[in-house]
Amino acid sequence: MGRQIYDVIVTGAGPSGMMAAISASSEGANVLLLEKNPSPGKKLLLTGHGRCNITNIRIMDNFRETYHENARFLTSALHAFSPEDVRAFFASIGIPTHEEDAGRIFPDSQKASDVCRALEDAVRKNGIELLMESPVTSVSPAKDPSGDLWCVKTNDSEYTGRSVVIASGGKSFPHTGSTGDGYRIAEDLDHEITPIRPALAPLFLASFSDPMTDRCEDCGAEFTLAGVTLPDVGTALSVDGKTVARSRGDLLFTHQGVSGPSAMSLSRYLPTDTGKYPEGKVRLIVDLLPDISEEEVGKNLLSAMTDNPNRHMKRLLCETFHFQEKIALLLLGETMDLSANQVTKKMRNQITEKIKRCSFDIEKCTPLDMAYVTAGGVSVRQIDPKTMGSKVKEGLFFCGEVIDIDGVSGGYNLQNAWSTGRAAGLAAASFSRREERRE
Ligand SMILES: Cc1cc2nc3c(=O)[nH]c(=O)nc-3n(C[C@H](O)[C@H](O)[C@H](O)COP(=O)(O)OP(=O)(O)OC[C@H]3O[C@@H](n4cnc5c(N)ncnc54)[C@H](O)[C@@H]3O)c2cc1C
């Protein structure tokens, strides 16, 4: 029996790899999908806290900010397979979706496991050969009398294909299988890898016990900000006194620092120095009232204090600005135990400034393992944005997070996986047909 030649071999059965495989087989290609884990889509199962924020229909609103410096690269793939197309695709495989706040799209069942199962079913229904526990160790061009082929090796087997799609994901949350194998494979095939760093990661704050832990005025006990959520605040990241990124959204204090979209979006701009940052070098600045100017905040505070001279400052701040008690305590510092008529103009100005620019020292760069997404990857300069085909090696394609593309929180990273997976799968199938005719 002759050796089997696959039209398309896809490495990695995450969202982008499954989409690439389904797309290629819908064009009649015979497809092999290799996954290192015992089951596909392990990271997909974790998405949206298990609910899977599949995409975002407001993708074009802030396109440049959403996908950062390489946004333009995605334009073509996103137009060809838009969030609406993604919704139609999922409806066609039994996953109807609905819109939630800020354009975020979720499956009606609210279960990432349903999304994963439907994709796996579609893979099988399309006749795609899905092999689990098959970690790809190398991909190399194989000169063959029957044409230019690719040799894909796993730890115990070898497969031949007319084209290969690398869909092995990034290097964060490595227990899900995304251990950066694709970067090494691409590098071995002469591709440039832009520096890998955490994106969408929580921030570690320095001196966590001060000011994060404070004293309760009534009982004298220490309290912690862990668990406190600030809805819709403005955030900025300052490095050496210069603002390098801004964001807006919810912020959540944790036991180590801060999490939530408005903190996590800043993480890709953290200096990647190893060890602790020098004191004051990297700071998180929070604007607690981003829709109100500093002048207005000052005026509101003054008038509240004038109207209620005997009111305790903590109560006054909570009533005037609807702050939670712990936040009022954080803002007040030494004025914590004073009533309004005991607060000097200087102290009042300091409180106003803190409301608009409450700043915290960031301790160190978050480890890549903890990031939801990996920034950096296979350079977009070496990839055709229409086909996701390598400009360096014919017949090699990339999709998903292995490419140097990352988006903010809100369904944008999965949309990247669907759009680039679709483009790579279709183009790999068409490339293989061309190669087949040549043989
Ligand atoms: C906790 C969490 C929540 C998230 N929530 C959301 C969300 O709600 N919405 C959103 O848009 N994004 C979300 N993301 C990001 C999103 O999950 C990723 O961007 C997306 O999964 C990337 O898809 P991918 O196919 O490129 O890579 P991955 O999902 O990482 O899949 C890569 C696959 O390749 C396999 N693989 C790796 N190396 C090899 C190898 N050598 N051989 C064979 N197989 C290999 C891996 O095992 C894995 O199955 C979240 C991420 C995390 C960690």
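Heads up: the structure comes first, above all this text.
Residues numbered from 1 in each chain as written. Predicted model: local features only at pLDDT ≥ 70, side-chain atom pairs only at ≥ 80, totals over all residues. Heavy atoms only, no water.

1. Some remarks on the overall build of the chain
Broken down by element type, the chain carries 12 helices and 20 strands. In terms of principal-axis extent, the alpha carbons of the chain reach across some 90 × 45 × 35 Å. Considering the chain as a whole, with its 439 residues, one finds that 56% of them fall into the buried category. Across the chain, every contact between residues at least 6 apart in sequence was considered, and the portion connecting residues at least 24 apart equals 71%. For the chain, the exposed area adds up to about 19100 Å²; of that, 48% sits on carbon and sulfur atoms. (Helix = DSSP H or I, 4+ residues; strand = E, 2+ residues; numbered from the N terminus. Buried < 20%, exposed > 50% of the residue type's maximum accessible area, 1.4 Å probe, protein only. Contact = heavy atoms within 4.5 Å. Areas by Shrake-Rupley, 256 points an atom, 1.4 Å probe, with all protein chains shown as cover.)

2. Quick look at the side chain of Thr-66
The residue Thr-66 is located in helix H2 (residues 63–67) in this model. Judged by its relative accessible area of 4%, Thr-66 is buried. The residues contacting Thr-66, other than those within four sequence positions of it, are Asp-406, Gly-407, Val-408 and Tyr-412.

3. Considering the pairing of strand E2 (residues 31–34)
Judged by which residues are buried, E2 turns out to be covered on both faces: Val-31 and Leu-33 on one side and Leu-32 and Leu-34 on the other are all buried. Both strand E1 (residues 5–11) and E2 contribute to a ladder of four bridges, which runs parallel. Each bridged residue has a counterpart across the sheet, and for Ile-9 the counterpart in E2 is Leu-32. Tracing the backbone out of E1, into helix H1 (residues 15–26) and back to the parallel element E2 gives a crossover that is right-handed. Taken together, the three bridges between E2 and strand E6 (residues 129–131) define a ladder with parallel strand orientation. (Pairing = 2+ DSSP bridges. Right-handed = clockwise from strand over helix to strand, strands pointing away.)

4. Let's talk about the site of the ligand
Taken together, 33 residues lie near the ligand, and Glu-35, Ser-178, Asp-181, Glu-401 and Leu-414 sit nearest. In this structure, Pro-15 approaches the ligand through a main-chain N or O atom, which is 3.4 Å from an oxygen atom. A distance of 3.2 Å separates a nitrogen atom of the ligand from a polar backbone atom of Lys-36. Burial of the ligand by the surrounding chains reaches 96%, relative to a free accessible area of 1000 Å². (Near = heavy atom within 4 Å. Polar contact = N/O pair within 3.5 Å; in protein donor to acceptor, adjacent residues only side chain to side chain.)

5. Describing the packing of aromatic side chains
Throughout the structure, instances matching the rule amount to nine aromatic pairs. Ring centres 6.5 Å apart and planes at 70° place the aromatic pair Phe-81 and Phe-89 in the edge-to-face group. Grouping residues by exposure puts Phe-81 and Phe-89 together as buried. Consider the rings of Phe-90 and Trp-418, whose centres lie 5.0 Å apart with planes at 70°: the pair is edge-to-face. With Phe-90 in helix H4 (residues 83–92) and Trp-418 in helix H12 (residues 412–438), the pair connects residues that are 328 residues apart, well separated along the chain. Among the residues examined, Phe-90 registers a relative accessible area of 0% and is labelled buried. In textbook terms, an aromatic cluster arises when at least three aromatic residues are bridged by ring pairs, as seen for Phe-81, Phe-89, Phe-90 and Trp-418. Its end group placed over the ring of Tyr-269, Arg-268 keeps NZ or CZ at 5.0 Å from the ring centre. (Phe/Tyr/Trp six-rings, centres within 6.5 Å; stacked < 30°, edge-to-face > 60°. Lys NZ or Arg CZ within 6 Å of the ring centre and 35° of its normal.)

6. Notes on helix H3 (residues 71–80)
Inspection of H3 places Ala-71, Phe-73, Leu-74, Ala-77 and Leu-78 among the buried residues, and these make up the whole buried set. Each buried residue of H3 sits inside an arc of 135° when the element is viewed along its axis, so together they form one side. Residues of H3 that are exposed and point over 90 degrees away from its buried face: Arg-72, His-79 and Ala-80. (Arc of directions from axis to C-beta.)

7. Some words on the environment of Ala-226
Its place among the elements puts Ala-226 in the loop between strand E13 (222–224) and strand E14 (229–239). It is 20 Å that separates the C-alpha atoms of Ala-226 and Leu-266, two residues lying 40 residues apart in sequence. Filtering out sequence-adjacent residues up to four positions away, Ala-226 remains in contact with Phe-253, Thr-254 and His-255.

8. Quick word on the state of the cysteines
One covalent bond between the sulfur atoms of two cysteine residues makes up a disulfide. Following the criterion strictly, the structure yields zero disulfides and no others. Distance from the sulfur of Cys-116, which forms no disulfide, to the nearest cysteine sulfur (Cys-52) is 9.0 Å. Overall, the relative accessible area of 5% leaves Cys-116 in the buried class. (Disulfide = S-S within 2.5 Å.)

9. Let's talk about unusual backbone geometry
In the Ramachandran plot, His-49 falls in the positive-phi region, its phi being about 55° despite a non-glycine side chain. With respect to the secondary-structure elements, His-49 resides in the loop between E2 and strand E3 (55–56). Residue classification places His-49 among the exposed residues on the basis of a relative accessible area of 77%. At Glu-133, a position not held by glycine, the phi torsion is positive, near 50°. By the secondary structure assignment, Glu-133 is in the loop between E6 and strand E7 (136–144). Given the relative accessible area of 54%, Glu-133 is considered exposed.

Without other data, these values stay purely geometric and don't point to any function.
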